[in-house]
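Understanding the architecture of this molecule
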Amino acid sequence: MPLMTPQQYVESLRARRIRAYVAGERVSNVVDHPSVAPHVNTAAKTYELAHRPEHQDVMLATSHLTGERIHRYTHIFQGPDDLIKKLQMLRLLGQATGTCFQRCVGLDALNAVYAASYEVDQQHGTDYHERFRRYLEWVQRQDLMLAGAMTDPKGHRSRRPSEQEDPDAFVRIVDRRSDGVVIRGAKLHNTGGINSHEILVMPGTALRPNEPQYALACAVPVDAEGVVFIFGRQANDTRKLENGCDIGNSRFGIVGGEAMIVFDDVFVPTERVFMDGETAHCGTLVAYFSTWHRANYGACKGGNADVLIGATAKMTRLLGTEGNSIVRDKLVEMVHMNESTYASAIGSAAMGYRLPCGSYMVDPLMANATKQNITRHIYLIARLAHDLAGGFLATMPDARALDNPEIAGLVKKYHAANPVFDVMERIRFGRYIENATSVTTLVEAMHGAGSPQTQRIPMIGQARLDEKIAMAERVLYGDDDEPSLPLPRPWRPAPSEKPAADE
Ligand code: SF4
């Protein structure tokens, strides 16, 4: 199967008949809609780089199902090398686009359902895994983009799915037919869904035995009857519709073009259902997905931060401060934080372990630590960008001031800094930094792949404090003739240890 070109990807999106609303209005052509087009461009970049010989080592993989060369975005991780190359791919794409390129949610969803369906079958004698392998092979051969859909609206946050006033607060099965099921509910914050081909629906939380209607994993085409996309609004989102120096990252947009996906009684045929009622496995599936995705953040945000650090360094040239040692030290601090999180992501991949289905999981403690640091480092990197770019970021005039001959000269005269550069360039980079450090970007770094506390909850178990206490006692009271300690890595879940799912 040839890999899709970026042009084929865009054309394939046009063939869909999706029901989508942008800025409150139904849109028939989402691909060319100015609010969506930058996100389409970004996803198209993932297809484009797969055709560049210099990037194929990280962009392509060999399918364990067919032996064919496929896009890494449809691959099941076969070892630590795959996990590392995935992160290298993410950093590369982050550098190429300066934003979220969306496809990792679908990739991690493919891997999570692959692993969980195997474990369900082992325990219950079902055939979900075989069904899923057939589906996966089709996805790989078609080179499709998938939207992983996990986060439910959740309703009252202190109540379980079965206790909600509105039972649709979590996606559920509402009807059964001889050839499939009917599902209802919504998934929120969905990255790249509006420009995907398929939605891979997963449970959003660990479930109890009395909640089987919510224990659902299935695949739905984006244009299936009853699927509705409601596109989200972002900080400064109309800027990219403008011309001139105010447009920010108008080619690729800010974060992933998130949308709410509503499933308004959508029929799903049996061959596309990969979990139906096995509540005991939902926590594992959620943990698998979120652990892989948390490691990603050290790489994709690393690539994005590379662009932001570059824009900030450029701003110091525009201002004439680049040679100042304090300025240079602050740039080093930005680089230091960025490389630290990337290093921990790579570490989590290098120390990955084999799951029962044969695929590989990143080291969970390192992955959670990576994402935990992202919730801080991205804010701190943005803080330093604001510091070095100056108050101009908040007060700079807009491009229209430069179009008005009455005041254009005044703007240029009084915003001139290093005379080597034009004021327009200073505004252009200032707007980019404003864009790349906006509330949309920062909140995505905070809550994407789970809010900060969802990393800390599993970390307390993964930290194995009893072992650390034993280490301390050994150092204080032990004698040097005792057998030496085993190597602490790679991490493995203890036999009795269940992966901790997000609540
Ligand atoms: Fe990929 Fe990062 Fe976007 Fe998640 S936030 S989809 S890991 S680019």
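Refer to the structure presented above.
Calculation criteria
Residues numbered from 1 in each chain as written. Predicted model: local features only at pLDDT ≥ 70, side-chain atom pairs only at ≥ 80, totals over all residues. Heavy atoms only, no water. Helix = DSSP H or I, 4+ residues; strand = E, 2+ residues; numbered from the N terminus. Rg over C-alpha atoms; globule rule 2.2 N^0.38 Å. Buried < 20%, exposed > 50% of the residue type's maximum accessible area, 1.4 Å probe, protein only. Contact = heavy atoms within 4.5 Å. Areas by Shrake-Rupley, 256 points an atom, 1.4 Å probe, with all protein chains shown as cover. Lys, Arg positive; Asp, Glu negative; His and termini not counted. Charge placed at Lys NZ, Arg CZ, Asp CG, Glu CD. Polar contact = N/O pair within 3.5 Å; in protein donor to acceptor, adjacent residues only side chain to side chain. Core = buried A, V, L, I, M, F, W, Y, C linked by side-chain atoms within 4.5 Å. Near = heavy atom within 4 Å. Nonpolar A, V, L, I, M, F, W, Y, C, P; charged D, E, K, R; others polar. Pairing = 2+ DSSP bridges. Salt bridge = Lys/Arg side-chain N within 4 Å of Asp/Glu carboxyl O.

Okay, the overall build of the protein chain next. Each helix and strand counted, the protein chain has 16 helices and 14 strands in total. Relative to the globule expectation of 23 Å for 503 residues, the C-alpha radius of gyration of the protein chain, 24 Å, shows essentially globular dimensions. Taken along its principal axes, the extent of the C-alpha atoms in the protein chain is 75 × 70 × 50 Å. Considering the protein chain as a whole, with its 503 residues, one finds that 56% of them fall into the buried category. Long-range pairs, those at least 24 residues apart, make up 78% of the contacts in the protein chain with a sequence separation of at least 6. Approximately 21700 Å² of the protein chain is accessible, and the part contributed by carbon and sulfur atoms is 52%. Side-chain charges of the protein chain comprise 55 positive and 60 negative groups, with the mean position of each set lying 3 Å from the other.

Mapped onto the elements, Asn418 comes out in the loop between helix 12 (408–415) and helix 13 (423–436). Judged by relative accessible area, which is 17%, Asn418 ranks as buried. For Asn418, the side chain forms a polar contact with the main-chain oxygen of Arg317, separated by 2.9 Å. The residues contacting Asn418, other than those within four sequence positions of it, are Arg317, Leu318, Leu319 and Gly320.

Turning next to the nonpolar core. By size, the foremost hydrophobic cluster in this structure holds 103 residues, and its most contacted members are Tyr9, Ile183, Val220, Phe229 and Phe263. Among the elements that make up this core, the one with the highest residue count is helix 5 (residues 103–124) (11 residues). Leu308, Leu318, Leu402 and Ile427 belong to the second-largest nonpolar core, a separate cluster that totals 28 residues.

Turning next to the site of the ligand. The immediate surroundings of the ligand are formed by Cys100, Phe101, Gln102, Cys104, Val105, His293, Asn296, Tyr297, Cys300, Lys301 and Glu444. Elements that contribute at least two residues to the shell around the ligand include exactly helix 5 and helix 7 (282–319). No other element matches helix 7, which puts 5 residues into the shell around the ligand. Across the shell around the ligand, the residue classes tally to 6 nonpolar, 3 polar and 2 charged.

It is worth spelling out the pairing of strand 5 (residues 146–149) at this point. By the alternation rule, side chains of strand 5 split into Leu146 and Gly148 and Ala147 and Ala149, which are all buried. Here strand 5 pairs with strand 8 (residues 198–201) via 4 bridges, running parallel. Considered in strand 8, the bridge of Gly148 is made with Leu200.

As a further point, take the pattern of salt bridges. In this structure the tally under the stated criterion is 30 salt bridges. With a closest N to O distance of 2.8 Å, Arg176 and Asp276 form a salt bridge. Residue Arg176 is found in strand 6 (residues 172–177), and its partner Asp276 is found in strand 12 (residues 273–276); the two are separated by 100 residues along the sequence. The network of salt bridges with shared partners includes Asp168, Arg172, Arg184 and Asp265.

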